[in-house]
Amino acid sequence: MAAKRESGSGGGSILQFAPFQSSVDEGFWHRLSSLKLNKLGIDESPIPITGFYAPCSHLQVSNHLSLLTESLPSDSDEQSSTAEISRGSRNKCTVPGTLYNSNTLESFYTIDKQSLLKQEAKKIWEDIHSGKAVEDSTVLSRFLVISFADLKKWSFHYWFAFPALVLDPPATVVDLKPASLWFSSQEAESVSAACSDWRNSSLTADVPYFLLTIAPNSRATIRHLKDREACEGDGQKLLFGFYDPCHLQNHPGWPLRNFLALILTRWKLKSVLFLCYRENRGFTDLGLSLVGEALITVPQGWGDHQCVPNTVGWELNKGRKVPRCISLAKSMDPTRLAISAADLNLKLMRWRQLPSLNLDILSSRKCLLLGAGTLGCQVARMLMAWGVRKITLLDNGRVAMSNPLRQSLYTLDDCLNGGDFKAMAAVKSLERIFPAVAAEGVVMAIPMPGHPVPCQEEDSVLDDCRRLTDLILSHDVIFLLTDTRESRWLPTLLCANTNKITITAALGFDSFLVMRHGPGPFSITHDVKTEAVNGLSADMDNLGLNNRDGGQRLGCYFCNDVVAPTDSTANRTLDQQCTVTRPGLAPIASALAVELFVGVLHHPKGIYAGAEFANSIDSGSSEQPLGILPHQIRGSLSQFSQMTLVGHSSNSCTACCSTVVSEYRKRGMEFILQAINHPTYLEDLTGLTELKKSANSFHVDWDYESDNEDDCVEI
């Protein structure tokens, strides 16, 4: 509030000003949060912002200087946003400002506020002396904001300052009264018409300072400040007008302070008639507007351009010199709040450690998880932590009483009444954890070699094969997380055929394997469903061993096997049928599987990247922000050890070699059905049968009589 009037020199009262009041829209804080996370990071450089205000438009309420969403540049294109807000309107006069956003609450409270205020005042002072304030009068109302954004709690600490140059001794006011009492009726009518024209013109509506002249014939004219010389004339009244946001009848608003400083410095006037222009519901209101005469005494040292006058302007908070704080956590939509909080850790990574982290590519990838057991639950949660939002889980099992302790997405309620399907229960759990996830559950069994299909069930199994094919085609990344070897065969074949990124995680009792499959034997650049098979070259086997860049192709899960996948659960005891593992194994393997997937996405060669090793000249780790990209990771809990290995593709692989893939392309579902029903078919097709016969016929003669230790060779 303005202070009481005091007697001043010349019989007037000391001119008191109603302080500016601030208002911040929620959209401003949302954009600041986005800008901080996505672009600024730990950069504390000053940010140019734009405030908006308009003349008072209500008898009992002052207008505030407001910060809106568009007050800040967008995090995507600062230049376009700046251009967007360069012009205001009759209801939004633009005012330049500066935001100083601190990285910590401590630095917010310890910032040198007086120094910042002096810096902004110096800009105003320089603009007055350079003439810029005459050309663009909005700089007279320049402001600053200091802030701290707590992005975890969605709370914001802030403090406004509206720098004002202090006149010392202060100006005095003579005969301050409503404009309707100061003008004659004819003058008032002409002034109202001139003000309406000024406010309704797109060229002048947002120009908050102006000159008002009234000729002897009572005709009023409004001009720009730069047209001061045109206002010289015999008998003309000259008033310095400004848009006054204040509604008080006894005090002009804060913008008059720096306006008087400009008038005194620029035109050396010591007696100034001023008009506090105000409106009522969008129309000129001379009853609410004020006219007064200010008497100014030139302050000592005012003529020195290098000496900036004393400055005031920090906004009070309920009469106290303290900052304000607002919390948006309760007012935000819970889903939107969850999205912002979930992305917080990832976006903070880009501030220092991983500036090149591509969050868009993570959020846009569709991941298919085959298996919703111990591995599937962990992988799904890890994917969400990395920002993946599109997850499909496939499983045909139900949640058993033994599952919730090891499988993190299930609870006791999921086990009741025979148990819910795992795929569907997992989706519900993911949505409870993070409502914005786009999760889908598919209840389906994966057809497997070694599990013959009765004739009456063939159509159903083939439908499952087609459905699995469509799922793999519609997803970008496939995770093989099932608990039997043979259940991984068909997905591996389909992924090799479609060149999909494929990640396998498999568990033993105290050991694990995590690996990424190499690309398929054929580089595909078009729809595999319509590919012609007649053009396959005669030397396709050799071609299938190499990448499209000539390097040796990495192998799949089956490339190191010399037997085809068969029924691994028949004639097994309970401990052999269940996946009996040490409890800590699955989280380790799942985390590595997801990290491997993220590494593939960020590698410039993607699925075609070769195997990399630590401390290897060819690893390329110095170029990749996420480090090396291995092919296989094998770990042992009993030894607390881990190894990175590489296994290249085999031309006898039962799942990904060119022979198998080309046979699948020729015969389709007929081939799959034969592989399922005939255990030896895949071995015969790939030459493993002949290989085993050759191995059995190979004899080695051992010389047991030699005592010479030098004959021993370490392999």
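A brief report on the enclosed structure follows. The model shown is predicted, which means the values in this text are computed figures rather than measured ones. (Residues numbered from 1 in each chain as written. Predicted model: local features only at pLDDT ≥ 70, side-chain atom pairs only at ≥ 80, totals over all residues. Heavy atoms only, no water.)

### A word on the overall build of the protein
- For the protein, the count of helices and strands is 21 helices and 25 strands.
- Considering only intrachain contacts with a sequence separation of at least 6, the fraction spanning at least 24 residues in the protein is 73%. (Helix = DSSP H or I, 4+ residues; strand = E, 2+ residues; numbered from the N terminus. Contact = heavy atoms within 4.5 Å.)

### Looking at the sheet that holds strand E11 (residues 237-243)
- Here we have seven strands laid out as an open sheet, ordered E1-E8-E15-E12-E11-E9-E10, and mixed in their pairing. Sheet topology places strand E1 (13-14) and strand E10 (220-223) at the edges, where each strand pairs with a single neighbour.
- By the bridge criterion, six bridges tie strand E12 (residues 271-277) to strand E15 (residues 290-295) in an arrangement that is antiparallel. Its bridge partner lying in E15, leucine 273 is registered against glutamate 293.
- Together, strand E9 (209-214), E10, E11 and E12 form the strand contacts of helix H7 (residues 185-200), whose direction differs from that of E10 by roughly 30°.
- Its contacts with the sheet put helix H8 (residues 255-267) on E9, E11, E12 and E15, and the angle it makes with E11 is roughly 140°. (Pairing = 2+ DSSP bridges. Axes fitted to C-alpha atoms, helices over the stretch in contact; angles between N-to-C directions.)

### A few points about the sheet that holds strand E22 (residues 501-507)
- With mixed pairing, eight strands are arranged side by side in an open sheet as E20-E19-E18-E21-E22-E23-E24-E25. Each of the sheet's edge strands pairs with one partner strand only, and the pair in question is strand E20 (438-442) and strand E25 (641-645). Neighbour-to-neighbour, the strand axes of this sheet turn through a mean angle of 15°, independent of strand direction.
- Direction of pairing for strand E19 (residues 390-394) relative to E20: parallel, over a ladder of five bridges. The partner of leucine 394 across the bridge, within E20, is valine 442.
- Lying on the sheet, helix H17 (residues 585-602) is in contact with strand E18 (366-370), strand E21 (477-480), E22, strand E23 (511-516), strand E24 (632-636) and E25; it crosses E23 at an angle near 15°.

### With respect to a nonpolar patch on the surface
- Taken together, Met401, Leu412 and Leu416 make up a surface patch of nonpolar side chains, about 310 Å² in accessible area.
- Of note, methionine 401 is situated in the loop between E19 and helix H12 (422-433). (Patch = residues over 30% accessible without salt bridge, like charges linked within 9 Å, V, L, I, M, F, W, Y side chains within 5 Å. Areas by Shrake-Rupley, 256 points an atom, 1.4 Å probe, with all protein chains shown as cover. Salt bridge = Lys/Arg side-chain N within 4 Å of Asp/Glu carboxyl O.)

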